[in-house]
Amino acid sequence: MFNGKCVLISGGSRGIGRAIAAAFYAQGAEIIIMSRHQEELRRAAQELDSKHEGRVQALVCDVGDQDAVAQAFAQLKAWGKSVNILVNCAGVNLRAPLAEMSVEIWQQVLDINLTGTFLLSKQVFPMMQAQGGGKIINIASLMSEIVRPGISAYVASKGGVKMFTKAIAVEWAPYNIQANAIIPGYIETELNAPLMADEKFNQFIVKRTPAGRWGKPEDVAAAALFLASSGADFITGQVLAVDGGILAAL
Ligand code: NDP
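Residues numbered from 1 in each chain as written. Predicted model: local features only at pLDDT ≥ 70, side-chain atom pairs only at ≥ 80, totals over all residues. Heavy atoms only, no water.

An unreviewed UniProt entry annotates the protein chain as SDR family oxidoreductase originating from Candidatus Anaerobiospirillum merdipullorum. What UniProt states about the protein chain under its Sequence similarities (unreviewed entry) heading is, verbatim, "Belongs to the short-chain dehydrogenases/reductases (SDR) family." (UniProt positions renumbered as here; feature names shortened; annotations may be inferred.)

**Student:** Any chance you could explain the site of the ligand here in plain terms?
**Tutor:** Taken together, 30 residues lie around the ligand, and Ser 13, His 37, Tyr 154, Thr 189 and Asn 192 are the ones closest in. Within the backbone of Gly 185, one N or O atom sits 3.3 Å away from an oxygen atom of the ligand. The set of elements that each furnish at least two residues to the shell around the ligand consists of helix H1 (15-26) and helix H5 (152-172). Within the shell around the ligand, the residues separate by chemical class into 14 nonpolar, ten polar and six charged. (Near = heavy atom within 4 Å. Polar contact = N/O pair within 3.5 Å; in protein donor to acceptor, adjacent residues only side chain to side chain. Helix = DSSP H or I, 4+ residues; strand = E, 2+ residues; numbered from the N terminus. Nonpolar A, V, L, I, M, F, W, Y, C, P; charged D, E, K, R; others polar.)

**Student:** Explain unusual backbone geometry to me, please; I cannot follow it from the model alone.
**Tutor:** What you tend to see is this: most non-glycine residues have negative phi, and most peptide bonds are trans. With a phi angle near 50°, His 52 is a residue other than glycine that sits in the positive phi range. By the element assignment, His 52 lies in the loop between helix H2 (38-48) and strand E3 (56-60). Assessed through its relative accessible area of 71%, His 52 is described here as exposed. The phi dihedral of Asn 176 is positive, around 65°, even though this residue is not glycine. Examined against the element boundaries, Asn 176 turns out to sit in the loop between H5 and strand E6 (177-184). (Buried < 20%, exposed > 50% of the residue type's maximum accessible area, 1.4 Å probe, protein only.)

**Student:** I'm lost on the environment of Gly 150 in this one. Help?
**Tutor:** Within the fold, Gly 150 resides in the loop between strand E5 (134-139) and H5. A relative accessible area of 26% means that Gly 150 is categorised as partly exposed. C-alpha of Gly 150 to C-alpha of Gln 75: the two residues are 75 residues apart in sequence and 38 Å apart in space. Beyond its immediate stretch of four places on either side in the chain, Gly 150 contacts Arg 95, Ala 96 and Pro 97. (Contact = heavy atoms within 4.5 Å.)

**Student:** Can you help me understand the UniProt feature "domain: Ketoreductase" (unreviewed entry) in the protein chain in this one?
**Tutor:** Feature annotation in UniProt places "domain: Ketoreductase" (unreviewed entry) on residues 5-175, given in this structure's numbering. Secondary structure within residues 5-175 divides into 50% helix and 15% strand; the distance between the first and last C-alpha atoms comes to 18 Å.

**Student:** What's the story with the sheet that holds strand E2 (residues 30-35) in this structure? I'm lost.
**Tutor:** Strand pairs in the sheet, formed through backbone hydrogen bonds, run parallel or antiparallel to each other. Strands sit in the order E3-E2-E1-E4-E5-E6-E7 across an open sheet of seven strands; the sheet is parallel. Whereas interior strands pair on both sides, the edge strands pair on one side only; in this sheet they are E3 and strand E7 (239-242). For this sheet the average axis-to-axis angle between neighbouring strands, irrespective of direction, equals 20°. Here five bridges tie E2 to E3, and the two strands are oriented parallel to one another. Bridge pairing in E3 places Ile 33 opposite Ala 58. (Pairing = 2+ DSSP bridges. Axes fitted to C-alpha atoms, helices over the stretch in contact; angles between N-to-C directions.)

Shown next as structure tokens:
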């Protein structure tokens, strides 16, 4: 389905981003995964390229660092790559009660989750414009719709990602670029390891999710494939929850 397409996935070294990379790889795409830690990223790229076709590249970059992003895209261009599909998946959640949250924590979460999404989108724009179109998929969160205590920076960043997605959709629709956001529910990944290890919280999530289970990274990847497909060419500025029904339930 994606033969000849180049897909850049920030946060592609593990969790949801890695599952998205695997899904696009299985559909014939050329993959570039991006994250901060070289060794983990290199290993992920090697494992993802299961057919040994050299179709997965690793690009080390802190998406919240403007200079690092500029350098990464200079590298991409030096490789002769032009991105057709961008998945902004890199994200962190640093927890602290609001009254005790330092400006450093607030800024770090905003830099990575929101400014990173802006920086990467801006970099791919001329590439997509030159190609006559493209797809941008931003991974938001349930926390862009509803809120839990102790994660105010995360909540603010993901609310920003949701609205920024609509801003891209509106401004770049004339260039045949579609931008949509995915809201994953509670997904079994490292980010949630502390929550999953808490038996009480685990039971709470299973009970609260109408589907009666945690989501899998592959559930989110399937939605990303759809939004990147030509079948979604007239869908832009939308927010798709992949949450087993949590947002639909009271
Ligand atoms: P993981 O912690 O498993 O993976 C996060 C990925 O982002 C890693 O590849 C990590 O690599 C990368 N990353 C983090 N910071 C940066 C940075 N500054 N620059 C580049 N890469 C970075 O998280 P998940 O897979 O669970 O989450 C992925 C996305 O989905 C996040 O945006 C998260 O907010 C969102 N989400 C997750 C949910 C869940 O239930 N798991 C629910 C809703 C939303 P490294 O640390 O090496 O840089």
